[in-house]
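# Coordinates in review
Residues per chain, in single letters:
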There are 2 protein chains.
Amino acid sequence: MDFAQYFKGDSNAESDGLRELLEQVKTIRVLKGQVLQHSGDNQKHAYFVKRGLLRSFTTDDKGKQHIYMFAPEGWIISDIQSTAMQQPAVLTIDALEDSEVEVIRADIFEELVNKHMGSHPDFASLELHRLLRRLAVLQKRVLLLLSASATERYQEFVATYPNLQQRVSQRQIASYLGITPEALSRLRVEILKAERRT
Amino acid sequence: MDFAQYFKGDSNAESDGLRELLEQVKTIRVLKGQVLQHSGDNQKHAYFVKRGLLRSFTTDDKGKQHIYMFAPEGWIISDIQSTAMQQPAVLTIDALEDSEVEVIRADIFEELVNKHMGSHPDFASLELHRLLRRLAVLQKRVLLLLSASATERYQEFVATYPNLQQRVSQRQIASYLGITPEALSRLRVEILKAERRT
């Protein structure tokens, strides 16, 4: 899948203007470890992952990294706090694998959405639902961080990112879950034991 | 401010259809302690607070409450996870003060938005920005819970909810911040000391 397919979804949004804007979306190749956006940067892009794996994270006062999200194939990753609030990036975005990525400038995205909301009601409704679902996912993430046990957080990670356990390190999963690598290791042993019992 | 004013914002959205839908928004009075939505409920409403103070929270396995958000005057509170994902409510919503509240049915809200996105581009753009800002606020909340110290979380609470410190208990603030009441009490002493020094 590419960004144009993702963006249009099942809607029939199609016009010269749309094509023109979508042509401004560039595909780039990035190597494992390459940084696409540094925290503090002023450039504002969203990245659509065609192949590979990106990640966003923040670094605290003590230099510890906290992973905000992973973006495997078909996902979009950006720094909404920075684009919506017009402030410097708070997240660093880098590649965990060699990847092929479409770069969407924030202003292009807004123009795309604004232009096609008016003329294509089904597209407006699609976009609205996408945003509401994203809000729902974030509400869930906040509630998990506030109130869920390490085990529940881990199970939710597996449900959100099937097959990602093999592609990222235990340390990175722990950083995403907001628990220590030791706690993650303990709970994986517990889960394995429980699985063997059944 | 009421919901109609909030909804239309600076846009010139105005039509018979809009008025008709807004007429279905009912104002109710709720008493302190009254529950508007129980976790597990299937009713899906958003509540616009005209006067008073609402709160949403989840209860964990051990019976401990975790506050997702407060909604003072002019705020909207709902359970987006439940409305967007069509699942039973995960949050309980209750009143922390005697309040006057407008009740907006989720289907009415979607109809309002869908109907007026097409015909009023400025409204579509307003609504889009509102959703993006809400996403930004939630990203910030996740990052605070993942990586910020108790002091930073408290400072963000004060910035988000000016004047609310007087209206909610220390226990409730701690529950919102994801820290113990003891940790909150210690950090407030530290902040007071630091203020006295300057």
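Each chain carries its own residue numbering, running from 1 in the written order of its sequence. Chains and ligands are labelled sequentially in the order written, the chains with letters from A and the ligands with numbers from 1. Local features in this predicted model are restricted to residues whose pLDDT is 70 or higher, and side-chain atom pairs enter the listing and the counts only when it is 80 or higher, whereas totals over whole chains, interfaces and linings include all residues.

### Things to note about the overall build of chain A
When its secondary structure is counted, chain A shows 8 helices and 8 strands. Along the first, second and third principal axes, the C-alpha atoms of chain A reach 60 × 35 × 30 Å. Comment: burial labels come from other C-beta atoms within 10 Å of the residue's own C-beta, placed from the backbone, where a count of 20 or more is buried, 12 or fewer is exposed, and between is partly exposed. When burial is assessed residue by residue, chain A has 37% of its 198 residues classed as buried. Placing a C-beta atom from the backbone of each residue, one calls two residues in contact when those atoms lie within 7 Å. For chain A, the share of sequence-separated contacts (at least 6 apart) that also reach a separation of at least 24 residues comes to 69%. Note on conventions: DSSP H or I runs of at least 4 residues are helices, E runs of at least 2 residues are strands, and numbering of each starts at the N terminus.

### Some remarks on helix H7 (residues 170–177) of chain B
Taken as a whole, H7 of chain B has its buried residues at Ile173, Ala174, Ser175, Tyr176 and Leu177 of chain B. Taken together, the buried residues of H7 of chain B touch strand E5 (65–72), helix H6 (150–160) and helix H8 (181–197) of chain B.

### Examining the sheet that holds strand E8 (residues 99–105) of chain A
Residue and element names in this part refer to chain A. A pair of strands is labelled paired if DSSP reports no fewer than 2 bridges between them. Overall, antiparallel pairing links the 4 strands, which are arranged E1-E8-E3-E6 in an open sheet. A single partner strand is all that each edge strand has here, and the edge strands are strand E1 (26–30) and strand E6 (76–77). Across 5 bridges, E1 lies against E8 in antiparallel orientation. Bridge pairing in E8 links threonine 27 to glutamate 102.

### With respect to the packing of helix H6 (residues 150–160) of chain A against helix H8 (residues 181–197) of chain A
Residues and elements named next belong to chain A. Taken N-terminus to C-terminus, the directions of H6 and H8 make an angle of 80°; their axes are 10 Å apart at the nearest point. Regarding the angle of H6 to H8, the classification is roughly perpendicular. For the pair H6 and H8, the contacting residues are Ala150, Thr151 and Tyr154 in the first and Ala183, Leu184 and Leu187 in the second. Tallied by class, residues from the contact of H6 with H8 come to 5 nonpolar, 1 polar and no charged. Geometry is summarised by axes, namely lines fitted to C-alpha atoms with helices restricted to the contacting stretch, and by angles between N-to-C directions that run from 0 to 180 degrees. With respect to orientation, any angle under 35 degrees is reported as roughly parallel, any angle over 145 as roughly antiparallel, any angle of 65 to 115 as roughly perpendicular, and every other angle as oblique. Each residue is assigned to one of three groups, with Ala, Val, Leu, Ile, Met, Phe, Trp, Tyr, Cys and Pro labelled nonpolar, Asp, Glu, Lys and Arg labelled charged, and all others, Gly among them, labelled polar.

### Topic: the sheet that holds strand E3 (residues 45–51) of chain B
On the basis of which strands lie adjacent, the open sheet formed by 4 strands has the order E1-E8-E3-E6 (chain B) and antiparallel pairing. In this open sheet, the two strands that pair with only one neighbour each are strand E1 (26–30) and strand E6 (76–77) of chain B.

### Thoughts on the pairing of strand E4 (residues 53–59) of chain B
Residues and elements named next belong to chain B. The buried fraction of E4 is high, at 6 of 7 residues. Counting the residues in the hairpin turn of E4 and E5 gives 5 residues, including glycine 63, whose phi is positive at 85°. Judged from the 4 bridges that link them, E4 and strand E7 (residues 92–95) form a sheet pairing that is antiparallel. Across the sheet, serine 56 pairs through a bridge with isoleucine 93, a residue of E7.

### Section: the interface of chain A and chain B
Frequently, the measure chosen for interface size is the accessible area that the parts lose on association. In this complex, chain A contributes 33 residues to the contact, which on the side of chain B involves 33 residues. Elements that contribute at least two residues to the side of chain A that touches chain B include exactly strand E5 (65–71), helix H3 (80–84), helix H4 (106–119) and helix H5 (121–147) of chain A. A per-element tally of the side of chain A that touches chain B places H5 of chain A first, with 19 residues. Each residue belonging to the side of chain A that touches chain B can be placed in one class, and the counts come to 19 nonpolar, 9 polar and 5 charged.

### Notes on the relation of the copies chain A and chain B
Expressed as a screw operation, the relation of chain A to chain B combines 0.0 Å of axial shift with a rotation of 180°, fitting to an RMSD of 0.0 Å. Such values leave the two copies arranged in the relation of a two-fold axis. The overlap is high: 100% of the interface residues of chain A also sit at the interface in chain B, so the same surface is used on both sides. Fitting of the copies onto one another was done by least squares over C-alpha atoms, counting residues only where both copies have pLDDT of at least 70.

### Description of the pairing of strand E4 (residues 54–59) of chain A
Side-chain direction in a regular strand flips from residue to residue, so the side chains alternate between the two faces of the sheet. Residues and elements named next belong to chain A. Most of E4 is tucked away, with 5 of its 6 residues classed as buried. Relative to E5, E4 runs antiparallel, the two sharing 6 bridges. Paired with threonine 58 across the strands is histidine 66, a residue of E5. What sits between the antiparallel neighbours E4 and E5 is a turn of 5 residues, in which glycine 63 has the positive phi angle 85°.

### Focus: the nonpolar core
In this structure, Tyr47 and Leu54 of chain A together with Tyr47 and Leu54 of chain B are the most contacted members of the largest nonpolar core, which totals 90 residues. Ranked by residue count, the leading element in this core is H5 of chain A, at 8 residues. Ignoring anything within four residues of it in the chain, the contact list for tyrosine 47 of chain A reads Leu36, Leu54, Ile76, Ile77, Ser78, Ile93, Val101 and Val103 of chain A. Any set of buried Ala, Val, Leu, Ile, Met, Phe, Trp, Tyr and Cys residues joined through C-beta atoms within 7 Å is what this text calls a nonpolar core.

### Structural notes on unusual backbone geometry
The phi angle at asparagine 163 of chain A is positive, at roughly 75°, despite the residue not being glycine. With respect to the helices and strands, asparagine 163 of chain A occurs in the loop between H6 and helix H7 (170–177). For asparagine 163 of chain A, a count of 8 C-beta atoms within 10 Å gives the class exposed. Although it is not a glycine, glutamine 86 of chain B sits at a positive phi angle of roughly 50°. The residue glutamine 86 of chain B is located in the loop between helix H3 (80–84) and E7 in this model.

### Remarks on the confidence of the model for chain A
Low pLDDT means the predicted atomic positions in that stretch should not be read closely. All names here are of chain A. The predictor rates its confidence in each residue with pLDDT, a number between 0 and 100. The predicted model of chain A averages 89 in pLDDT, with 95% of residues at 70 or higher. Model confidence for chain A, summarised as mean pLDDT per element, is weakest for H4 at 76 and strongest for strand E7 (residues 92–95) at 97. Across the whole predicted complex the pTM is 0.89, and at the interface the ipTM reaches 0.89.

### Overview of the environment of serine 185 of chain B
Mapped onto the elements of the fold, serine 185 of chain B is located in helix H8. In this structure serine 185 of chain B comes out as exposed when scored by C-beta crowding, with 11 C-beta atoms within 10 Å.

### Comments concerning the environment of glutamine 86 of chain A
By C-beta crowding, glutamine 86 of chain A is classed as exposed, having 9 other C-beta atoms within 10 Å. In this structure the C-alpha to C-alpha distance between glutamine 86 of chain A and asparagine 42 of chain A, which are 44 residues apart in sequence, comes to 8.9 Å.

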